[in-house]
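Spelled out from the first residue to the last, the chains are:
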Amino acid sequence: MCPSFIQLKSFVKPFIDEHLKTLNPSDPRDLMDDYLTEMKEGKSDDYSHFDYADLTRITFDLFVAGNDTTTNMTQWFLNYMARFQDVQEKIQKEIDRVVPSGTLPGLQHRNELAYLDAAINEVQRHCSMAPLGGTIVTSVAGLSHKNPVYFEDPDKFDPSRFLDKNGKFISTCDGFQAFGIGKRQCLGEQFARMELYLITAALMQNFKFGPPDGEGPMSIEADIVPVTHMPRKEQKFSIKYRN
Ligand code: HEM
């Protein structure tokens, strides 16, 4: 067995074992419970593909696919807020109007924080963090995000392009491929959108982001590494409490 699979196994094993100990097939709590039930039921079937090693890989895949993506997208969002102070102020006004003071923004406020969701989409479009899809027939999100057929004046950073005429959030449209398209589209899209909304709403409510004091506008240039546009790691912010 290769060393990386041994490490992977020991990281994931406690989660699987805990699920096995407390499994109630008639009351599945999550994907792991469903998988374990299928695994037990298919034990005597020679052709069953459900086994412990496969569950280990799937669990680890979800950790990996859902970790760096959301972290990097949060950093991208903060870079854009530090660069586009007018957008940041508009989001903060919206939060101050909707969320009672002393309360953190929650999912119950989401419908009324449409401009925040629109800004998250616009950051995803403008930075094209995942410019290539991972499927054999590859979608090129980086090109479609900057294609004027889909997005008017595509180089302009403008969250309002994801609001309809009544100010409601437009979550997706032709040409928007931040989470890929088709059968191999991101499995974690809804979860990732929820995380991004909760994290950025709390940060916008409490802090103001800008370029370091005395420096010019924040850069939104990417570090290009294979298949992703990464936010620049060495980039510094000024972060101030909002009163
Ligand atoms: C901002 C956050 C995220 C972004 C931008 C993102 C983006 C993507 C993209 C572009 C793909 C490739 C789609 C294709 O092949 O065309 C993908 C696949 C995938 N993502 Fe995400 N993702 C994010 C968060 C997550 C999270 C939180 C999870 C899990 C909890 C997740 C799980 C997956 C999985 C399992 C796949 C492979 C799907 C398949 O091949 O069938 N992602 N993601």
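Conventions used here
Residues numbered from 1 in each chain as written. Predicted model: local features only at pLDDT ≥ 70, side-chain atom pairs only at ≥ 80, totals over all residues. Heavy atoms only, no water. Domains from an automatic or database assignment. Helix = DSSP H or I, 4+ residues; strand = E, 2+ residues; numbered from the N terminus. Polar contact = N/O pair within 3.5 Å; in protein donor to acceptor, adjacent residues only side chain to side chain. Contact = heavy atoms within 4.5 Å. Buried < 20%, exposed > 50% of the residue type's maximum accessible area, 1.4 Å probe, protein only. Donors = N, O, S within 2.8 Å, 3.2 Å for Na, K, Ca; no water. Phe/Tyr/Trp six-rings, centres within 6.5 Å; stacked < 30°, edge-to-face > 60°. Lys NZ or Arg CZ within 6 Å of the ring centre and 35° of its normal.

Our focus in this paragraph is the domain arrangement of the protein chain. If you check the domain split of the protein chain, you get domain 1 (3-50) and domain 2 (71-241). One C-alpha centre belongs to domain 1, the other to domain 2, and the line joining them spans 35 Å.

Before going further, it helps to examine the side chain of Asp117. Of note, Asp117 is situated in helix H5 (residues 114-127). A polar contact is formed between the side chain of Asp117 and the side chain of Arg110, at a distance of 2.9 Å. For Asp117, the contacting residues outside a window of four places in its chain are Arg110, Phe169 and Tyr197.

The subject of this paragraph is the side chain of Ser128. Within the element layout of this structure, Ser128 appears in the loop between H5 and helix H6 (141-145). Residue Ser128 is classed as buried on the basis of its relative accessible area, which comes to 5%. A distance of 3.2 Å separates a polar side-chain atom of Ser128 from the backbone oxygen of Arg125.

Take the coordination of the iron atom of the ligand next. Of the protein atoms, Cys186 (SG) alone serves as a donor to the iron atom of the ligand, at 2.3 Å. Relative to the assigned elements, Cys186 resides in the loop between H6 and helix H7 (189-206).

Attention now goes to the packing of aromatic side chains. Per the stated rule, a full pass over the model turns up 14 aromatic pairs. Summarising the aromatic geometry, the rings of Phe11 and Phe60 are spaced 6.1 Å apart at their centres and angled 85 degrees between planes, so their arrangement reads as edge-to-face. Placement of Phe11 in helix H1 (residues 3-21) and of Phe60 in helix H3 (residues 52-83) is noted, with a sequence separation of 49 residues between them. Taking relative accessible area as the criterion, Phe11 reaches 41% and is therefore assigned partly exposed. On the basis of relative accessibility, which here comes to 28%, the residue Phe60 falls in the partly exposed class. Between Phe207 and Tyr241 the ring centres are 5.2 Å apart and the planes differ by 35 degrees, which places this aromatic pair in the tilted class. Separated by 34 residues along the polypeptide, Phe207 in strand E1 (residues 207-210) and Tyr241 in strand E4 (residues 238-241) bring together distant segments of the chain. In this structure Tyr241 comes out as exposed when scored by relative accessible area, which is 68%. Three or more aromatic residues joined by ring pairs form one cluster here, namely Phe11, Phe15, Phe60 and Phe63. When the ring centre of Phe84 is taken as reference, the NZ or CZ atom of Arg83 above it lies at 5.7 Å.

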